[in-house]
Amino acid sequence: MYVNFTYIKGYFLFINVITFVVYGLDKLFAIKHKRRIRIITLLGLAFLGGELGGLLAMNIFHHKTNKKCFTVGLPLILVMHMIMYLCFNHFLIVMFILI
């Protein structure tokens, strides 16, 4: 069984770039005292696969670094995605052996 990971890699690159930009925009809006991007949107982007972009933006922009839902939540989302990835790979190996 062959799985083409090119599209998956492209998706994760895309969602992480988008997440990084959105976190940067939220920081800019915070500085300018403008309407902010909702927390659910920021965490939702991380949940969709943009946790690395979110963590990078948090460190570069020093944004949301005092909020527990981000300092704990983003690493937990990353761990969850890593576990899902390992389970998916294990599933593919088992399916390959059974075929």
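J.: Got a minute to help me understand the packing of helix H1 (residues 6-31) against helix H2 (residues 39-61) in this structure?
T.: Packed helices, taken two at a time, are described by their axes: the angle between them and the distance between them. Their axes nearest at 7 Å, the elements H1 and H2 cross at an angle of 55°. Between H1 and H2, the angle falls in the class oblique. Crossing angle aside, the handedness with which H1 passes H2 is right-handed. Grouping the amino acids of the contact of H1 with H2 by side-chain chemistry returns 17 nonpolar, seven polar and three charged.

J.: How should I be thinking about the confidence of the model for the chain in this particular structure?
T.: Interpretation of the predicted coordinates at a detailed level should be avoided for regions scoring low in pLDDT. Of the residues in the chain, 90% have a pLDDT of 70 or more, and the chain-wide mean is 90. Here helix H4 (residues 73-98) stands out as the least confident element of the chain, with mean pLDDT 82; H2 is the most confident, with 96.

J.: Any chance you could explain the nonpolar core here in plain terms?
T.: Soluble globular proteins tend to pack their nonpolar side chains together in the buried interior. The biggest cluster of nonpolar side chains holds twelve residues, and these are Ile15, Val22, Tyr23, Ile37, Leu42, Leu45, Ala46, Ala57, Met58, Phe70, Leu74 and Ile77. At the level of secondary structure, the elements contributing two or more residues to this core comprise H1, H2 and H4. With five residues, H2 is the largest single contributor of residues to this core. Sequence-distant contacts of Val22, defined by excluding residues within four places in its chain, comprise Ile37, Leu42 and Leu45.

What counts and what doesn't
- Residues numbered from 1 in each chain as written.
- Predicted model: local features only at pLDDT ≥ 70, side-chain atom pairs only at ≥ 80, totals over all residues.
- Heavy atoms only, no water.
- Axes fitted to C-alpha atoms, helices over the stretch in contact; angles between N-to-C directions.
- Helix = DSSP H or I, 4+ residues; strand = E, 2+ residues; numbered from the N terminus.
- Parallel < 35°, antiparallel > 145°, perpendicular 65-115°, else oblique.
- Left-handed = near helix turned anticlockwise from the far one by under 90°.
- Nonpolar A, V, L, I, M, F, W, Y, C, P; charged D, E, K, R; others polar.
- pLDDT = per-residue confidence, 0-100.
- Core = buried A, V, L, I, M, F, W, Y, C linked by side-chain atoms within 4.5 Å.
- Buried < 20%, exposed > 50% of the residue type's maximum accessible area, 1.4 Å probe, protein only.
- Contact = heavy atoms within 4.5 Å.

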